[in-house]
Amino acid sequence: MIREAQLLRGIIFGDRNTDEYVYMPASEIGTDMPVYVYEKGGSRRDIDLAEALHLIRVRDLRPTIHPLFGKTSC
């Protein structure tokens, strides 16, 4: 629940060493079923909340600073 709330506030989870990031784009704020983004290397793909939480847990992603967005995606 904590990670879900952090994602909804725009906190970016990632690992700068592996260039991996999971976040909710600002354009998804207030939508009923927001889409999240998973970035790895130079690629991006849309994911749902369950997959975002799974990736954060399995890859041990932590709140971080994104090279383009900074600390939050909002």
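This section reports on the structure supplied with the text. All values reported here derive from a predicted model rather than from experimental measurement. (Residues numbered from 1 in each chain as written. Predicted model: local features only at pLDDT ≥ 70, side-chain atom pairs only at ≥ 80, totals over all residues. Heavy atoms only, no water.)

Okay, the nonpolar core next. Ranked by size, the top nonpolar core spans twelve residues in total: Leu7, Ile11, Phe13, Val22, Met24, Tyr36, Tyr38, Ile47, Ala52, Leu55, Ile56 and Leu61. Only β3 (36-40) and α2 (49-58) provide two or more residues apiece to this core. Setting aside anything within four residues of it in sequence, one finds Leu7 in contact with Phe13, Val22, Tyr23, Met24, Tyr36, Leu49, Ala52, Leu53 and Ile56. (Core = buried A, V, L, I, M, F, W, Y, C linked by side-chain atoms within 4.5 Å. Buried < 20%, exposed > 50% of the residue type's maximum accessible area, 1.4 Å probe, protein only. Helix = DSSP H or I, 4+ residues; strand = E, 2+ residues; numbered from the N terminus. Contact = heavy atoms within 4.5 Å.)

The next subject is the pairing of β3. In terms of burial, β3 is a largely internal element, four of the five residues being buried. The pairing of β3 with strand β4 (residues 43-47) spans five bridges and is antiparallel. When the sheet's bridge partners are listed, Val37 is paired in β4 with Asp46. (Pairing = 2+ DSSP bridges.)

Just geometry here; none of it tells us what the structure is for.
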